[in-house]
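Examining the three-dimensional arrangement
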Amino acid sequence: MATTKVSSEKELFGHPVGLFILFFTEMWERFSYYGMRGILVLYMATSATAVDPGLGWSSKDAVWLYGWYTMLVYIAAIPGGWVADKFLGQKKTVMLGGLLLCFGHGILAIPQDWAFFTGLFFIIVGVGGLKPNISTMVGGLYKEGDIRRDSGFTIFYIGINIGAFLASISVGLVAYYYGWHYGFGLAGIGMLIGQLVYVWGQRFLVGVGEFTGGSKVSAAEREAAKRPLNKIEKDRIIVLLISFLIIIVFFGAFEQAGGLMNLYTDAKVDRTINLFSIKEIPAAVFQSLNAGYIIIFGTLVGGFWLWWRKQGKESSSLFKMAIGTIIMGLGYVFMMFASKEASAEAFGRAAMIWVFLAYLFHTIGELCTSPVSLSFITKLAPIKYASIMMGIYFAATGFGNKLAGSIGETSQLEPYKGKMTVSKQAVLPFMSKDSIKVKNKEKKVVTIYDYPINEDKNFSIKANVYQENGKVIYKEIKSDKILNNLFALNTGKNTNSSKLLEELEKNDVTDANPYHANIIFEKDKDKAQVIENKGDGKDYQVSFVLEEDQSAQEYKTFLWLTIFTVSFGALLLIFLKRLKKLTHGAEDKEVEGLEAEGFELADTEIKNKK
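Residues numbered from 1 in each chain as written. Predicted model: local features only at pLDDT ≥ 70, side-chain atom pairs only at ≥ 80, totals over all residues. Heavy atoms only, no water.

So, on to the pairing of strand β3 (residues 272-275). Pairing analysis gives two bridges linking β3 to strand β4 (residues 278-280), with the strands arranged antiparallel. Residue pairing across strands places T272 opposite E280, the latter belonging to β4. Between the antiparallel neighbours β3 and β4 lie two residues, among them F276 with a positive phi of about 55 degrees. (Pairing = 2+ DSSP bridges. Helix = DSSP H or I, 4+ residues; strand = E, 2+ residues; numbered from the N terminus.)

Set out below in structure tokens:
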């Protein structure tokens, strides 16, 4: 890694001009990533027979893939950092990653199953090349001990969240009103703009992010890349690895945003609003809250920590990360309140204010943790392993994302499944005609007024569910009609009637105190593609979860997220002094009189000056 400033020494607002090139490049890359991420789970969980078809996966399966995808996106940073350190340097690897991202997002805009998985693959590889190396380049803009480094990372962090904020609103709205693949396409346009900015700004990045074996770096840096690590560097690597554990825990809770929080907002939050022509806020738009709060509070949080340090109080990176983890975890207390409010009545919904408050605490926690950890790595990582350590940081973020996916997956109950056993005529009394958007023969979307089953569309029946005389009874809430003859549950593990009956008996669920279910009828995806079968009312599958069980599971998840993260942050505070000793004063080089405080300084240049 080259740590010299750009040769022109040009500055803007007190920082190298190169910072703002990286700022806008990453802003648009994050626009593409968060725009796509905001609609990814919703797209997978949307019916494959909808007018704008999704993949038709269950919420549980959608969160499962989300966890794996987001993990792989960040784990790819390890080979991305390795390629930069050993072969190309950060600057060229960022260029290559950006090109792959443009390619991946372009493919994702194609409405085909093969394009979905192919696009995800190229995005994973592209982010792996770009993400760790562009962050390392930010550190390379500043000389050792430059007090502007932390504020530079904060500016960089705010910049990328401007992209995330704009993406969550614009991509979410475009996908909601025009279609999923238009949303994916808009995300791709953002990445293309970011790549153009990076290409244009190369003259402001001379000497930054060059390959350490190349001719544009100093002899001292080439020598540092060859020599073995000393004890101080080894100790600092130990501290970095421990900080990565913090990152895994933090993002395991924080990254519920794209999975569990996204699904919960879609299903359990009252999103109605009368603002111009917008009647309902799409769930994906709520993903903009985090980025919006960062833009608002980013400089305030940074200013608070600067004031806190001037008061002579504890302000090390590890301390900030511990406090951030605790604050973020407390945000789930508001989701516990939301869960209680939504479950107070059958098919109830929670007020939006709980989601706003939860994301506020998550964001304050993130501002105390994430940009600080990025700067922490550039201070402690040896030059020869600069990009690899940044890659491991993002891999830790990836493992946190996978943990988040696993937690989110456990929060979604496996639905009871079956099939409709009656003719179309028998279920017509349980549905009503409605305005339905369909595609005509010219593939244009038009609105018709008909029964959903006549257009092979989904329909649902809200029912009371209880046990009586050793049988499960389903009764429509609206009419009190028995629904048992309409469908039969599949036999087999975890899906049969005996499991459901056992659950109802265990909780003493009766007609006087029933559970509730929204029973969804959905035509088989492949059969729905056969035009000759349109409207025959056959091949309908049935699925549902018990609302009370699902609400209890979500509440339990929010509770344990709170307990786990707050406890972990508190544990880190207990061992803070021991961990700080292993940094050997790396964060104290910006002040005078360091050796008098008992720190062993690794920087011989500072020692000689003294």
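Here helix α10 (residues 288-310) is 23 residues long and its end C-alpha atoms lie 33 Å apart, about the 33 Å a rise of 1.5 Å per residue gives. Where α10 bends most, the angle comes to about 50 degrees, and this point is F297. Three or more residues of α10 are buried, namely S288, L289, N290, A291, G292, Y293, I294, G298, V301 and W305. Against the buried residues of α10 lie α5 (149-178), α8 (231-254), α11 (317-330) and α13 (352-380). (Expected span 1.5 Å × (residues − 1). Bend = angle between axes of the 7 residues up to and from the residue. Buried < 20%, exposed > 50% of the residue type's maximum accessible area, 1.4 Å probe, protein only. Contact = heavy atoms within 4.5 Å.)

With 89% of its residues at a pLDDT of 70 or more, the protein chain shows a mean pLDDT of 83. When pLDDT is averaged over each helix and strand of the protein chain, the minimum, 38, is found for helix α20 (residues 604-609) and the maximum, 96, for helix α12 (residues 332-342). Note that pLDDT drops below 50 for residues 1-8; the model gives that stretch 34 contacts with residues more than four away or on any other chain. Note on residues 590-610: pLDDT is under 50 here. Beyond four places in sequence and across chains, it has 29 contacts. (pLDDT = per-residue confidence, 0-100.)

This next bit is on the packing of α5 against α10. At a minimum axis distance of 7 Å, the contact between α5 and α10 shows a crossing angle of 150 degrees. On the basis of their axis angle, the class for α5 and α10 is roughly antiparallel. Relative to α10, α5 is oriented so that their crossing is left-handed. From α5, T154, Y157, I158, N161, I162, A164, F165, S168 and I169 reach across to α10, where they touch S288, N290, A291, G292, I294, I295, G298 and T299. Taken together, the residues that form the contact of α5 with α10 break down as nine nonpolar, eight polar and no charged. (Axes fitted to C-alpha atoms, helices over the stretch in contact; angles between N-to-C directions. Parallel < 35°, antiparallel > 145°, perpendicular 65-115°, else oblique. Left-handed = near helix turned anticlockwise from the far one by under 90°. Nonpolar A, V, L, I, M, F, W, Y, C, P; charged D, E, K, R; others polar.)

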